[in-house]
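Take a look at the letters that make up each chain.
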Amino acid sequence: MRVLIVEDHAEIADALRSGLNDHGFETAMADTCQTALERYADVDAVLLDVGLPDGNGMDVCRTIRASSSVPIIMVSGRDDEFDRVLGLRMGADDYVVKPYGLRELVARIEAVVRRAVGWARSSGGSRVVGPLSIDLKQRRAFMDGVELLFTRKEFDLLVLLTGEPGKVFDREAIMRHVWGHPSVGDTRTLGVHMVSLRRKLGAPELIQTVRGVGFRFAL
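Everything quoted here is computed from the prediction, not taken from an experiment.

Remarks on the overall build of the protein chain
A count of helices and strands for the protein chain gives eight helices and 15 strands. A globule of 219 residues ought to have a C-alpha radius of gyration of about 17 Å, and the protein chain, at 18 Å, matches this closely. Sorting the 219 residues of the protein chain into buried and exposed places 47% on the buried side. Long-range contacts, defined here as pairs at least 24 residues apart, represent 55% of the contacts in the protein chain between residues at least 6 apart. Counting only carbon and sulfur atoms, one obtains 51% of the accessible surface of the protein chain, whose full area is about 11,100 Å². For the protein chain, the centre of its 29 positive side-chain charges and the centre of its 31 negative side-chain charges are spaced 7 Å apart.

A look at the packing of helix α6 (residues 152-162) against helix α8 (residues 188-201)
At a minimum axis separation of 10 Å, α6 and α8 run at an interaxial angle of 80°. In terms of axis orientation, α6 runs roughly perpendicular to α8. Contacts from K153, E154, L157, L158 and L161 in α6 reach L190, H193, M194, S196, L197, K200 and L201 in α8. Looking at the contact of α6 with α8 residue by residue, the classes come out as seven nonpolar, two polar and three charged.

What about the packing of helix α7 (residues 171-179) against α8?
For the pair α7 and α8, the least separation of the axes is 11 Å and the interaxial angle reads 80°. Here α7 lies roughly perpendicular to α8, going by the angle between them. Contact residues: R171, I174, M175 and W179 in α7; T189, L190, H193 and M194 in α8. Here the residues of the contact of α7 with α8 are counted per class, giving five nonpolar, two polar and one charged.

A look at helix α3 (residues 57-65)
Within an α-helix, residues lying three or four positions from one another point in the same direction, as the helix has 3.6 residues per turn. Of the positions making up α3, those classed as buried are G57, M58, V60, C61 and I64. For α3, the arc enclosing every buried residue in end-on projection is 160°, short of the 170-degree limit, so these residues lie on one face. By the N-cap criterion, in which a side-chain oxygen at the helix start approaches the backbone nitrogen of a residue two or three places on, α3 is capped by N56, the distance to M58 being 2.7 Å.

Overview of the sheet that holds strand β13 (residues 169-170)
With antiparallel pairing, the three strands of this open sheet are ordered in space as β13-β15-β14. The strands lining the two open edges of the sheet, one partner per strand, are β13 and β14 (207-210). Inspection of the sheet shows β13 paired to strand β15 (residues 214-217) by two bridges, in the antiparallel sense. Paired with D170 across the two strands is G214, which belongs to β15. Where α6 meets the sheet, it contacts β13, β14 and β15, and its direction lies at approximately 70° from that of β15. On the sheet, α8 packs against β14 and β15 and is oriented at approximately 150° with respect to β14.

Re the sheet that holds strand β1 (residues 2-6)
In spatial order, the strands read β2-β1-β3-β6-β7; together these five strands make up an open sheet with parallel pairing. The open sheet has two free edges, formed respectively by β2 (26-30) and β7 (94-97), since each of these has just one partner strand. Neighbouring strand axes in the sheet, compared pairwise and without regard to direction, differ in orientation by 20° on average. Of the pairings in the sheet, the one linking β1 to β2 comprises five bridges and is parallel in character. In the strand pairing of β2, L4 is matched with A28. Contacting β1, β2 and β3 (45-49), helix α1 (residues 10-22) crosses the sheet at an angle of about 165° to β2. The sheet contacts of α3 involve β3, β6 (72-76) and β7, and relative to β6 the element is tilted by about 175°.

Rules used throughout
- Residues numbered from 1 in each chain as written.
- Predicted model: local features only at pLDDT ≥ 70, side-chain atom pairs only at ≥ 80, totals over all residues.
- Heavy atoms only, no water.
- Helix = DSSP H or I, 4+ residues; strand = E, 2+ residues; numbered from the N terminus.
- Rg over C-alpha atoms; globule rule 2.2 N^0.38 Å.
- Buried < 20%, exposed > 50% of the residue type's maximum accessible area, 1.4 Å probe, protein only.
- Contact = heavy atoms within 4.5 Å.
- Areas by Shrake-Rupley, 256 points an atom, 1.4 Å probe, with all protein chains shown as cover.
- Lys, Arg positive; Asp, Glu negative; His and termini not counted.
- Charge placed at Lys NZ, Arg CZ, Asp CG, Glu CD.
- Axes fitted to C-alpha atoms, helices over the stretch in contact; angles between N-to-C directions.
- Parallel < 35°, antiparallel > 145°, perpendicular 65-115°, else oblique.
- Nonpolar A, V, L, I, M, F, W, Y, C, P; charged D, E, K, R; others polar.
- Arc of directions from axis to C-beta.
- Polar contact = N/O pair within 3.5 Å; in protein donor to acceptor, adjacent residues only side chain to side chain.
- Pairing = 2+ DSSP bridges.

Given below as C-alpha cells:
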C-alpha cells in the first residue's frame with residue numbers, strides 16, 4: 001500500500017515516513033498543496049495535514065475529491081467539532097487530531113482503504129465490477145459471461161483502472177504501473193492501447209478520458 005504524506009514540518013514528515021515504512025507501507029511525500037495535487041493520483045491513500053504553507057488542506061481535499069475517490073485522512077491539531085465536520089464534508093474519509101499514536105493511525109489508514117475497495121467482491125483472486133468479471137490469477141476477463149481477449153498490456157491496464165473505479169489515474173502514473181517507466185511526454189503508446197481496450201470491452205463509456213490529466217473507469 002502506498003501512502004502520500006502531505007506535511008510541511010520536516011521532522012514530523014520524516015517520523016511519519018519512517019513509522020509507516022516500518023509497518024510495511026510505501027510512502028510518497030509532499031510539503032505543499034501544489035505538490036500534493038501533483039502526486040495523489042499514484043497512491044492508495046492520502047494523509048493530509050490541514051495547515052500547509054501555500055494554502056489550506058481543506059481546499060486540497062475538496063479538489064482531490066472532485067475527481068478522485070482515493071481515501072483521504074485529514075490531520076489537524078484542532079479538535080473543534082466544526083473543523084472535524086468541515087473536513088468530512090469536504091470529502092475526507094477520516095479526521096485525526098494531533099497528537100496521535102502511530103498504531104492508531106495505521107489502523108485508520110487500513111480501515112479507510114478497506115472501505116474504499118468495498119465496491120468489489122474479491123474471492124480467490126477474482127474482481128467483479130458491474131457486468132465485468134476479472135480473474136486476476138488466470139488473467140481472464142468476462143463481460144456478461146462472455147470472455148474478452150486482451151493483450152498483456154491491455155489486461156494490465158484494465159486491472160489498474162478497475163482497482164478503484166472513479167479514481168483518475170494520470171498518464172505518467174499509468175505508464176509507471178503498466179510499462180515500468182514514465183512516458184517522458186510521449187503517451188501515444190498509452191493512447192493506442194486505450195482505444196483498443198475500449199473497443200474490446202464493447203462499452204467505451206466505461207473508460208473516461210479526463211482531459212489534460214488521464215483516465216478513469218466509471219460505472
